[in-house]
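Geometric and topological summary
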Amino acid sequence: LRASNSVIQKETGFINGLITVLHDITEQAKIDQDRREFVANVSHELRTPLTTMRSYIEALTEGAWEDKKIAPQFLDVTQQETERMIRLVNDLLKLSKMDSKDYMLQKDSFDVVSFLNRVIDRFELSKSSDVTFQRDLPNEHIYVYIDIDKITQVLDNIISNAMKYSPEGGTVTFHLKVQQQHVEICISDEGVGIPAKDLDKIFDRFYRVDKARTRKLGGTGLGLAIAKEMIEAHDGRIWAKSEEGKGTSIFFTLPLIDNQEDDWT
Ligand code: ADP
């Protein structure tokens, strides 16, 4: 603990009090350390695509632009790297919005089953891979009180990971279980899986199990950190189970609305 004293003094010079503030410096030191690490990570994450782009642009300037075969490939790389930086900056903005004090959830009541079905429909229509979606969802209305945009973002992040890490022809399964005070949603894939020692860390900002591989897949390393912040802002929990080579399941909970009998249409 560190103490700092300030004297309360009136304009007349009359002293009428003393304030002592105790700072928990271990907590503060941890926050400072996390912040430094975060800035270092962000800088590194931005430098990588920038240096790649610089070398490709240099090569183009030095003559590669004249080569009809190579030039489009090099331009393609710079375009992909630009897209990645945009994704990264957008993810950073999402995190920083949630960190800000005036961050508010726009909650409303929604039937979580039809909401999930709509999200899955959207992925089914737009997917480019040959992953199959399987729905193990109850055939009833279950109401939760959520910020729909935030939970859509959570699902987008989890589902795109499930697809990214799935083998060709793999199945992604959606389960929904009603428990006493919350619903538990689980999204499972049959992909590469995650080693046990990394399981808790995948929700940390910028943590990736296999840096080279996930970079190639275009990830930012922030998707699950954003999902965790958003679920916790809803008083829910998020966690993962996985078996290497067999697949991964991401679970999260959302609190149920107390009285499910009410008409929330
Ligand atoms: P990224 O943008 O790299 O996917 P995320 O925060 O979404 O970042 O995920 C963090 C890391 O967790 C990933 O880099 C990957 O190593 C691992 N991961 C996440 N989801 C899965 C999954 N379904 N299967 C295997 N690994 C996964």
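Residues numbered from 1 in each chain as written. Predicted model: local features only at pLDDT ≥ 70, side-chain atom pairs only at ≥ 80, totals over all residues. Heavy atoms only, no water.

Where an unreviewed UniProt entry is consulted, the protein chain appears under the name histidine kinase, with the organism given as Sutcliffiella cohnii.

**Regarding the nonpolar core**
Short version of the rule: In this description, a nonpolar core means a group of buried Ala, Val, Leu, Ile, Met, Phe, Trp, Tyr and Cys residues linked to one another through side-chain atoms lying within 4.5 Å. Under the scheme applied here, a residue whose accessible area is under 20% of the maximum for its type counts as buried, over 50% as exposed, and between as partly exposed, the area being computed with a 1.4 Å probe on protein chains only. Starting at the N terminus, helices and strands are each numbered in turn, a helix being any DSSP run of H or I of at least four residues and a strand any DSSP run of E of at least two. The contact definition used throughout considers only heavy atoms, calling two residues in contact when any of these lie within 4.5 Å.
Counting 49 residues, the largest nonpolar core has Val112, Ile159, Phe174, Leu176, Ile187, Phe252 and Leu254 as its most contacted members. Here this core takes eight residues from helix 4 (residues 148–164), the largest share from any one element. The contacts of Phe252, once residues within four sequence positions are left out, are Val154, Leu155, Ile158, Val183, Glu184, Ile185, Ile187, Ile231, Arg237, Ile238 and Trp239.

**Here we look at empty space enclosed by the protein**
Using the following cut-off: Every definition here rests on a 1 Å grid over the protein atoms only: cavities are sets of points where a 1.4 Å probe fits but cannot get out, pockets are open sets enclosed by protein on both sides within 12 Å along at least five of seven lines, and lining residues have some atom within 4 Å of a point. Grid points are joined across faces, edges and corners, and a volume is the space filled by probe spheres set on the points. Following the grouping adopted for this structure description, the nonpolar residues are Ala, Val, Leu, Ile, Met, Phe, Trp, Tyr, Cys and Pro, the charged ones are Asp, Glu, Lys and Arg, and the polar ones are all others, Gly among them.
This model, assessed by the stated rule, comprises one cavity of 30 Å³ or more. In this structure, the largest cavity occupies an estimated 40 Å³ of space. What lines the largest cavity is simply Glu45, Pro49, Arg84, Met85, Leu88, Arg208, Gly219 and Thr220. For the lining of the largest cavity, the secondary-structure elements that each account for two or more residues are helix 1 (25–61) and helix 2 (70–99). A total of three residues in the lining of the largest cavity trace back to one element, the largest contributor, which is helix 2. Its residues assigned to classes, the lining of the largest cavity shows three nonpolar, two polar and three charged.

**A word on the sheet that holds strand 8 (residues 238–243)**
In any sheet, the strands associate via hydrogen bonds between backbone groups, in a parallel or an antiparallel arrangement. Which entries qualify depends on this criterion: When DSSP finds two or more bridges between two strands, those strands count as paired. All axes are obtained by fitting lines to C-alpha atoms, using only the stretch in contact for helices, and the reported angles, taken between N-to-C directions, cover 0 to 180 degrees.
Taken in spatial order, the five strands of this open sheet run 4-6-7-9-8, and their pairing is mixed. With one partner strand each, in any of the chains shown, strand 4 (132–136) and strand 8 form the two edges of the open sheet. Ignoring which end each strand starts from, the neighbouring axes of this sheet average 15° apart. When strand 4 meets strand 6 (residues 171–178), the two strands line up parallel, connected through five bridges. Residue pairing for strand 6: Phe133 is matched across the bridge by Val172. The strands touched by helix 3 (residues 112–126) are strand 4, strand 6 and strand 7 (182–188); relative to strand 4, the strand with the most contacts, the crossing angle is about 170°.

**A word on the packing of helix 3 against helix 4**
Worth spelling out the cut-off: Angular relationships are summarised with four words: roughly parallel below 35 degrees, roughly antiparallel beyond 145, roughly perpendicular across 65 to 115, and oblique for the angles in between. Helix crossings fall into two classes, left-handed where the near helix is turned counterclockwise from the far one by less than a right angle and right-handed where it is turned clockwise.
Contact geometry of helix 3 with helix 4 gives a least axis separation of 11 Å together with a crossing angle of 45°. Classified by the angle their axes make, helix 3 and helix 4 are oblique. In the packing of helix 3 onto helix 4, the handedness of the crossing is right-handed. Contacts between helix 3 and helix 4 pair Phe115, Leu116, Val119, Arg122 and Phe123 from the former with Ile148, Ile151, Thr152, Leu155, Asp156, Ile159, Ser160 and Met163 from the latter. The residue inventory of the contact of helix 3 with helix 4, partitioned by class, reads nine nonpolar, two polar and two charged.

**Describing the site of the ligand**
Stated formally: Neighbouring residues are identified by heavy atoms, a residue being near a molecule or strand if any of them is within 4 Å of it. Here a polar contact is taken to be a pair of N or O atoms separated by no more than 3.5 Å, where protein atoms must pair a possible hydrogen donor with a possible acceptor and residues adjacent in sequence count only if both atoms sit in side chains.
By nearness alone, 19 residues border the ligand, and Asn161, Asp189, Thr220, Gly221 and Leu224 come closest of all. Note that an oxygen atom of the ligand is positioned 2.8 Å from one of the side-chain N or O atoms of Asn161. With respect to the ligand, the side chain of Tyr165 contributes an N or O atom lying 3.4 Å from an oxygen atom. Every element with two or more residues in the shell around the ligand is listed here: helix 4 and helix 6 (223–233). Per element, the largest residue contribution to the shell around the ligand is three residues, and it comes from helix 4. When its residues are assigned to classes, the shell around the ligand shows eight nonpolar, eight polar and three charged.

**Some thoughts on the pattern of salt bridges**
Note the cut-off: Take a side-chain nitrogen of Lys or Arg and a carboxyl oxygen of Asp or Glu: if they are within 4 Å of each other, that pair is a salt bridge.
Scanning the model with the defined rule gives 14 salt bridges in all. Asp91 serves as the salt-bridge partner of Lys94, at 3.4 Å between the closest nitrogen and oxygen. Taken as a pair, Lys94 and Asp91 lie in helix 2 at a separation of three residues, close to a single helical turn. Accessibility expressed as a relative area gives 12% for Asp91, which makes it buried. The salt bridge involving Asp99 is made with Arg205; its shortest N-O contact spans 3.5 Å. Linking Asp99 in helix 2 with Arg205 in the loop between strand 7 and helix 5 (211–216), this pair joins segments that are 106 residues apart in sequence. Accessibility expressed as a relative area gives 47% for Asp99, which makes it partly exposed. If you follow the salt bridges from partner to partner, you end up with Asp99, Arg205 and Glu229 in one network.

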